[in-house]
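# Geometric and topological summary
Residues per chain, in single letters:
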Amino acid sequence: MIDNLDLKKLDARDAYELSRLRQAVGQVGFLTVCNTGLTADRINDVIAAYQCFFRLPEHQKRLVDMAATGSNRGWGASQSEQVDPTVNPDFKEVFDCGYELPLDNPYRAKNLSVYAPNQWPEQPVAFREIVQAYYVDACGVAMRVLRAIAVALGREADSFDQAFDTPMALLRGNYYPKRPAWAGEQDFGVGAHTDYGCLTLLATDGAAGLEVRMPDGAWEKVQAEPGVFIINFGEMLEFWTAGQVKATEHRVVGGSHERISVPMFFNPSFDTNVAPPGSGQVISAGDHLTKRFNETYVHLQTS
């Protein structure tokens, strides 16, 4: 079962809600959350902005094609990503943007792909403004969830905060078209995978499509209306908490309706060590994320 939690109660450190959160992160690795302060109207506006962009003629979208870069900033055409190497590339379009480094930030001199400059289309006119404003607010919600998780796991509420001073946070718009008639058992909107980073905060248009691998091995559908968020966790947070938080496999098969989703992949700063506490290991968050991106994006794939 995938639980729906109340973020206002988690903010208030409600004991019962924290116990539900501890169970959800450790047993299932997926939950939904309401009362975040981001309303259905706000999410609908964000989804509408992405929808307008994805409906542009292809030649306009190619003006910000990430395939022309050495990073994952801008538009990605259908089949430009392959999260599961055992099946065909993913049947979806994406638009990715990330954290914009201040001019005096020391990471600028390192030319790291996870902090690459964003590409912004000229159309739709308000696209950049809407997406950038949502980026900031989504990061804020993700941080609140992480603080609640820290408390639920018996840590100080701010124990993750310092690691997110320069977040490798990636905001994406996903456009899943109707599943084509030719699609077979090797074709997915996005193939089965676990997320790579820390925490994923997913807004959707309410259409079905996402499926989660439950503890018993069965695939369970999960959906949420605009204003309610689906949350799951990535490999980094599983390392970082020594398995107290579970990174869970999920996929999008696709169906008879178009679907737009907007995940915020909330990841710590490049130099963060996300190895299990006290293990003596070093797992660089930036190295891990760069490696996984290079395996996934077709234009970045390495041999």
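So, a few notes on the structure that sits alongside this text. None of the values given here were measured: they were computed from a predicted structure. (Residues numbered from 1 in each chain as written. Predicted model: local features only at pLDDT ≥ 70, side-chain atom pairs only at ≥ 80, totals over all residues. Heavy atoms only, no water.)

For the rest of this paragraph, the subject is the overall build of the chain. When helices and strands are counted, the chain shows seven helices and twelve strands. Taking 19 Å as the expected radius of gyration for a compact globule of 303 residues, we find that the chain reaches 18 Å, a close match to that expectation. Overall, the C-alpha framework of the chain stretches about 50 × 45 × 40 Å when taken along its three principal axes. Counting all 303 residues of the chain, 55% fall into the buried class. Here the contacts in the chain between residues at least 6 apart in sequence split such that 76% fall between residues at least 24 apart. Counting 27 positive and 38 negative side-chain charges, the chain places the centres of these two groups 1 Å from one another. (Helix = DSSP H or I, 4+ residues; strand = E, 2+ residues; numbered from the N terminus. Rg over C-alpha atoms; globule rule 2.2 N^0.38 Å. Buried < 20%, exposed > 50% of the residue type's maximum accessible area, 1.4 Å probe, protein only. Contact = heavy atoms within 4.5 Å. Lys, Arg positive; Asp, Glu negative; His and termini not counted. Charge placed at Lys NZ, Arg CZ, Asp CG, Glu CD.)

Another aspect to go through is the pattern of salt bridges. Taken as a whole and judged by the stated rule, the model has 17 salt bridges. Two residues, Glu81 and Arg172, come together in a salt bridge whose shortest N-O distance is 3.0 Å. Remark: Arg172 occurs in strand β5 (residues 170-176) and Glu81 occurs in the loop between β3 (74-76) and β4 (93-98); sequence separation between them is 91 residues. Relative accessible area serves as the criterion here: at 6%, Glu81 is assigned to the buried category. For Arg172, a relative accessible area of 5% corresponds to the buried category. Here Glu295 and Arg292 are joined by a salt bridge, their closest N and O atoms 2.9 Å apart. In this pair, Glu295 and Arg292 are both assigned in helix α7 (residues 285-296), three residues apart and thus about one turn of the helix distant. Among the charged side chains, a salt-bridge network with shared partners connects Glu81, Asp90, Lys92, Asp96 and Arg172. (Salt bridge = Lys/Arg side-chain N within 4 Å of Asp/Glu carboxyl O.)

This part is about the sheet that holds strand β7 (residues 199-204). Here we have eight strands laid out as an open sheet, ordered β1-β2-β10-β7-β12-β5-β4-β3, and mixed in their pairing. Edge positions in the sheet fall to β1 (4-6) and β3, since each has one partner strand and no second. With direction set aside, neighbouring strand axes in the sheet form an average angle of 25°. By the bridge criterion, three bridges tie β1 to strand β2 (residues 30-34) in an arrangement that is parallel. Bridged to Asp6 within β2 is Cys34. (Pairing = 2+ DSSP bridges. Axes fitted to C-alpha atoms, helices over the stretch in contact; angles between N-to-C directions.)

Following both chains from N to C, one finds helix α2 (residues 15-28) and helix α5 (residues 127-152) inclined at 95°, their axes separated by 9 Å at the closest point. Between α2 and α5, the angle falls in the class roughly perpendicular. Contacts from Leu18, Leu21, Arg22 and Val25 of α2 reach α5 at Ala148, Ile149, Val151 and Ala152. (Parallel < 35°, antiparallel > 145°, perpendicular 65-115°, else oblique.)

A full pass over the atoms with the stated rule returns four cavities of 30 Å³ or more. Computed from the structure, the largest cavity encloses a volume of approximately 400 Å³. Forming the boundary of the largest cavity are 31 residues, of which Arg172, His193, Asp195, His250 and Phe265 lie nearest the centre. Counting residues per element, the ones that place at least two in the lining of the largest cavity are β5, β6 (190-193), β7, β11 (250-252), β12 (259-266) and α7. The element best represented in the lining of the largest cavity is β12, accounting for five residues. Taken together, Phe91, Tyr176, Pro177, Arg179, Pro180, Ala183, Asp187, Phe188, Gly189, Val253 and Gly254 make up the lining of the second largest cavity. In terms of residue class, the lining of the second largest cavity is built from seven nonpolar, two polar and two charged. (1 Å grid on protein atoms, 1.4 Å probe; cavity = no way out; pocket = protein on both sides within 12 Å on 5 of 7 lines; lining within 4 Å. Points joined across faces, edges and corners; volume = space filled by probe spheres on them. Nonpolar A, V, L, I, M, F, W, Y, C, P; charged D, E, K, R; others polar.)

Honestly, that's just the spatial picture; any functional story needs more than this.
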